[in-house]
Amino acid sequence: MGPEDVTLLEASAPADERAALAAVAAVDIRNGFADYNERFRAITRRARQRFEARDFASAQMDNVERMDLYDICVRATTTRLERLLRERVRDRALWAEIRHAFAELIAPLLDQELNKTFYNTLTRRFFGTSGVDANIEFVALDIEPTDRITHPVERHSYAVWGQLPRVCQRMLEDYAFEVPYAHRSLCALRIAETLTQRLVEWGGTDAVNANPIRAIELLDTVFYRERRAYLVGRLFGVDRIAPFVIALVNENGGLRVDAVLTERAHVSQVFGFTRSYFQADLPTVGDAVVFLRTLLPFKPIDELYTALGRAKQGKTERYRHFFRHLATHRDEQFVHADGERGMVMAVFTLPSYPLVFKLIRDKFAFPKESVREEVMQKYTLVFRHDRCGRLVDAQEFRSLRFPKRQFAPALLDELLTGCAATARMDGEDLVIAHCYVERRIRPLNLYVREAEPEAAVRAVIDYGQAIRDLAASNIFPGDLLFKNFGVTGNGRAIFYDYDELCFVSDCRFRELPEDDDRGESFYVGPFDVFPEQFPRFLGIDAAQRAALLEAHGDIFSVRWWRELQEQITHGLVADVPPYPEAVRVGVESFVSNAGL
């Protein structure tokens, strides 16, 4: 609170005291979010330097620092408000006025929703709200807040009426780095050739314009994540629009284009819910989300906010959209999620909506030895670690309120008896004190039974690749059974059961003793692992087993894991590209073939 705020309070007449106090509190909350936002952007701006220096370890530390920042700023604002409001800090009438004053303060801002989420976080901390409290919170279950954003996000625009390679060259020149391109002109030529080949079905070429593209737009802001920088935009033809993403890598010889993405499925994977968050220094966020939705119209808006590092806003949007859906499906009931019942988690879903809700059970069945705190630590580890495209982003929610009548009786009974520490009745509502919410994906053990044989084999092979990718990022799933993996809409195998997850570097990979009777146990000690045992418990048919062993047989050997541990010890940084090999442009081979 600044001197002008104190003067305002002192000058207020008694009848206006509450309004004056509310005005000062509203200013403090606005300033609290502004401080958070600037610090968030300051961390984000380091990404360019990390990319240029190839300092990926520091980039990961920046990710963690930025994740922790929100709670740090909320706590600081909470402390200031406690000093300011004193005994009235939980006065609902006062907070109703604070809400009104805060709404007026942020009305001119494009990112009002981010400010409102920050405000709501504070009220929930003070009042322990379950569900929502419309009297003191901002609630917008009946509207899509981004629909009002018409401000165009900052971008570069390129008209394409001449040589496409020349336009691509100019694009790369507009995104200058301290590190030079190894072969910028060749990179530009490769981009142009790739676009021309992929978009030939667009047509629209003529003697003047020998390519199907009429214009290109790229966001001003460069997106950074892990080992790559991305230029994100879209392509315009005569009557078509397509997403356009260029992936850049920084190698010993300098920068080069690694991939060109023009299909929504591939761009969606880059912005997927199994990846770490981008470092993208956007002056405002809502307008960028609106732009990204033109590229990915079927991507949930909550996932776009989350992908940009705005995880709290992502949670707000997920809550808003789900409960709006629930209100229009009053006759539908929550049921157990498909798949085997977990020994650690109770998992339920609303069949018409692609989310699952996961509650930690009060007691774990044998042989699970974890406790609640350890399970929560595993989820925190995943949140803060590089998910390398193979771990579901699990959002932590507290104090959710659902209508009791929308729960199937068997599910309700299980939650109230097996998860009594977190689920309770309050009148006609079920209140869940704590849960994790994830995108629903089809369990792999069910998928391989249901899918066509070729699709099932592809999923099994990708399961092996998922183990490789996780291991390269120093993650060992612990339990490799198919029931703990799922298959996404684009056929990728994803791990989602975190209670036995650990670091590869902490494991002790062992050969089976020669006199072992090949019993049913994976472990001897807490961190003892016998890779030879893995295939025996997967429950797959002969064709799937043969395909898995042919593609990934080495992951079932002790030697492979020990060699990987040695690499991790010497600083291995995993590189798991978020796109398929088919979209890589191969500038290196192009340079070699050109004799350069």
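Placed above this text is the structure.
The rules behind the values
Residues numbered from 1 in each chain as written. Predicted model: local features only at pLDDT ≥ 70, side-chain atom pairs only at ≥ 80, totals over all residues. Heavy atoms only, no water. Helix = DSSP H or I, 4+ residues; strand = E, 2+ residues; numbered from the N terminus. Buried < 20%, exposed > 50% of the residue type's maximum accessible area, 1.4 Å probe, protein only. Contact = heavy atoms within 4.5 Å. Areas by Shrake-Rupley, 256 points an atom, 1.4 Å probe, with all protein chains shown as cover. Phe/Tyr/Trp six-rings, centres within 6.5 Å; stacked < 30°, edge-to-face > 60°. Lys NZ or Arg CZ within 6 Å of the ring centre and 35° of its normal. Polar contact = N/O pair within 3.5 Å; in protein donor to acceptor, adjacent residues only side chain to side chain. Expected span 1.5 Å × (residues − 1). Arc of directions from axis to C-beta. Pairing = 2+ DSSP bridges. Axes fitted to C-alpha atoms, helices over the stretch in contact; angles between N-to-C directions.

Undergrad: So what's going on with the overall build of the chain? Which residues, and what values?
TA: Check the secondary structure of the chain and you find 19 helices and 19 strands. Taking the principal axes of its C-alpha atoms as reference, the chain extends roughly 80 × 70 × 50 Å. When burial is assessed residue by residue, the chain has 53% of its 596 residues classed as buried. Once local pairs closer than 6 in sequence are excluded, the contacts in the chain between residues at least 24 apart make up 68%. With an accessible surface of roughly 26500 Å², the chain has 51% of that area assigned to carbon and sulfur atoms.

Undergrad: Help me get a handle on the packing of aromatic side chains, residues and values and all.
TA: Scanning the entire structure with this criterion turns up 45 aromatic pairs. Plain terms: the ring middles of Tyr36 and Phe40 are 5.8 Å apart, the flat faces sit at 55° to each other, and that makes the pair tilted. Of the two residues, Tyr36 and Phe40 both sit in helix H2 (residues 17-44), four residues apart, roughly one turn of that helix. Of the two residues, Tyr36 and Phe40, neither departs from the other in class, the shared state being buried. The interplanar angle of 85° and the centroid separation of 5.4 Å between the aromatic rings of Phe334 and Phe348 together place this pair among those described as edge-to-face. Linking Phe334 in the loop between helix H12 (311-327) and strand S7 (335-336) with Phe348 in strand S8 (residues 345-349), this pair joins segments that are 14 residues apart in sequence. A residue is classified by how much of its surface remains accessible, and Phe348, at 0% relative accessible area, is buried. Counting every residue linked through ring pairs, the aromatic cluster contains Tyr319, Phe322, Phe323, Phe334, Phe348, Tyr353, Phe357, Phe402 and Phe407. Taking the ring centre of Phe397 as reference, the NZ or CZ of Lys315 above it sits at 4.9 Å.

Undergrad: Describe in detail the side chain of Asp302, supporting the description with residues and values.
TA: Along the chain, the position of Asp302 falls in helix H11 (residues 301-307). With a relative accessible area of 5%, Asp302 lands in the buried category.

Undergrad: Please give an account of the environment of Asp258 that cites residues and values.
TA: Relative to the helices and strands, Asp258 resides in strand S6 (residues 254-261). In this structure Asp258 touches Arg228, Ala247, Leu248, Val249, Tyr579, Val583, Arg584 and Val585, once residues within four positions along its chain are discounted. Within polar-contact distance, the side chain of Asp258 engages the side chain of Arg256 at 3.3 Å. Reaching out from Asp258, the side chain makes a polar contact with the side chain of Tyr579 at a distance of 2.4 Å.

Undergrad: Describe helix H13 (residues 372-384), listing the residues and the values that go with them.
TA: Over its 13 residues, H13 runs 19 Å from end to end, which matches the ideal 18 Å to within 8%, given 1.5 Å per residue. Every buried residue belonging to H13 is among Val375, Tyr379 and Val382, and all of these are buried. The arc that holds every buried residue of H13, seen down its axis, measures 55°, which confines them to one face. Buried residues along H13 sit against S8, strand S9 (355-360) and strand S12 (429-439).

Undergrad: Describe the sheet that holds strand S15 (residues 485-487), naming the residues involved and giving the relevant values.
TA: Ordered by their spatial adjacency, three strands build an open sheet running S13-S15-S16, and the pairing between neighbours is antiparallel. Looking at strand neighbours, the two that pair on one side only are strand S13 (442-443) and strand S16 (493-495), the edges of this open sheet. Bridge count for S15 against S16 is three bridges, and the pairing is antiparallel. Bridge pairing in S16 links Gly486 to Ile494. Packing against the sheet, helix H16 (residues 453-472) makes contact with S15 and S16, and its axis sits at approximately 45° to S16.

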